[in-house]
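Residue-level structure breakdown
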Amino acid sequence: MTEQQPSESPLPQLPPRRADSHKYDFGRALLVGGSRGMTGAISMSGMAALRCGAGLVQVAVPACCQAWVAPIEPSFMTIGLPCDDDGRISSAARPQLISLAAGATSIGIGPGLGQSPGLAAMVAWLFASIPQPMVCDADALNAISRRPDLLGQQAGPRILTPHPGEFRRLVPGDKHAPREQLEQEAQTLAKQTGVVVVLKGHRTLITDGQQSAHNTTGNPGMATGGTGDVLTGMITALVGQGLSPFDAARLGVYLHGLAGDLAAAELGQVSMIGSDLIRFLPHAFQRHAGHS
């Protein structure tokens, strides 16, 4: 496949907010993840979704973890789901997830989720049956990689956000392939299956198979745990506010990197942590609006 040239179109913008707006005008983001010992990931996703303008954020976690997640941010709601003996969401959560998803504008799944046969089946079911836009990251991607037949069979828009290792599990091949080859394969995957692929890394590629863009923001200080979880929440919030999946992914990646650049300018790259990006997101939105 011939590599497509990155899009040169202007970065998307969220529309201005009307004076008579209310929270339900800006989406209900549902974030599903977390497990015993990995509650920070889904918590950061929830906080990032709030900072990206979601009107209402629900964070669905194993019931055994709810008491740890709820105090982290009083502005999001937490829902406790049935859990297994290892502190992960169990298959008994399916009826509750059906109800939660029905009321959601967008869904993000994967941060801190963990892995088990039951979780793999649950992710596969959500991927194939829920019509709302869904952002899949981390262990959700690992679950999908076990069922490659799901790709192209999704019930609604899907945004996959793999790093190169996760992408290689989705599309088996040479683990040492150059970046250019991975990008070509990502474009092919997107075109053949109808998903948006966010291939993370230096100059992250965003592609839906028809249009592609390389990101221009970000720095090596962002190579630290939690930054991907922040991105999941960001894109989930943006697509839930009415941006197309490609535009939500492109704007989310840009603002994510810009927040990282602003954080690095104040804190330095070495000391940056994932939650710093959330703190600098308001400044990133202001900078983007001022330059647009």
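Before reading on, note that the structure itself is shown above.
Below is a summary of the structure that appears in this document. (Residues numbered from 1 in each chain as written. Predicted model: local features only at pLDDT ≥ 70, side-chain atom pairs only at ≥ 80, totals over all residues. Heavy atoms only, no water.)

Between side chains of opposite charge, a pair can form as their charged atoms come close. Applying the stated criterion across every chain yields a total of nine salt bridges. The salt bridge partner of Arg-18 is Asp-20, with a shortest N-O separation of 3.0 Å. Across the pair, exposure class does not vary: Arg-18 and Asp-20 are exposed alike. Across the pair Asp-149 and Arg-147 runs a salt bridge, and its minimum N-O distance is 3.0 Å. Owing to a relative accessible area of 43%, Asp-149 belongs among the partly exposed residues under this scheme. Judged by relative accessible area, which is 36%, Arg-147 ranks as partly exposed. (Salt bridge = Lys/Arg side-chain N within 4 Å of Asp/Glu carboxyl O. Buried < 20%, exposed > 50% of the residue type's maximum accessible area, 1.4 Å probe, protein only.)

Turning our attention to the layout of surface pockets. By volume, the largest pocket amounts to about 610 Å³. Taken together, 28 residues form the lining of the largest pocket, with Lys-200, Gly-201, Met-222, Thr-227 and His-256 sitting closest to its centre. The set of elements that each furnish at least two residues to the lining of the largest pocket consists of α5 (139–145), α6 (164–170), α8 (227–240) and α9 (245–267). Ranked by the residues each element gives to the lining of the largest pocket, the list is headed by α8, at four residues. Tallied by class, the residues present in the lining of the largest pocket amount to seven nonpolar, 15 polar and six charged. Counted as a void, the second largest pocket has a volume near 280 Å³. (1 Å grid on protein atoms, 1.4 Å probe; cavity = no way out; pocket = protein on both sides within 12 Å on 5 of 7 lines; lining within 4 Å. Points joined across faces, edges and corners; volume = space filled by probe spheres on them. Helix = DSSP H or I, 4+ residues; strand = E, 2+ residues; numbered from the N terminus. Nonpolar A, V, L, I, M, F, W, Y, C, P; charged D, E, K, R; others polar.)

With 15 residues, helix α7 (residues 179–193) should cover 21 Å at 1.5 Å per step; its first-to-last C-alpha distance of 21 Å lies within 8% of that length. Listed in full, the buried residues belonging to α7 are Leu-182, Glu-183, Glu-185, Ala-186, Gln-187, Leu-189, Ala-190 and Thr-193. Contacts from the buried residues of α7 go to α6, β7 (196–199), β8 (205–207) and β9 (212–214). In the stretch just after α7, Gly-194 is the one whose phi turns positive, near 80 degrees. (Expected span 1.5 Å × (residues − 1). Contact = heavy atoms within 4.5 Å.)

Another point: the packing of aromatic side chains. Applying the stated rule across the entire model yields zero aromatic pairs. Seen from the ring of Phe-26, Arg-17 lies directly overhead, with NZ or CZ sitting 3.6 Å from the centre. The ring of Phe-127 has Arg-158 sitting right over it, with the charged end atom 5.4 Å from the ring centre. (Phe/Tyr/Trp six-rings, centres within 6.5 Å; stacked < 30°, edge-to-face > 60°. Lys NZ or Arg CZ within 6 Å of the ring centre and 35° of its normal.)

Purely spatial values, then, with no claim about function.
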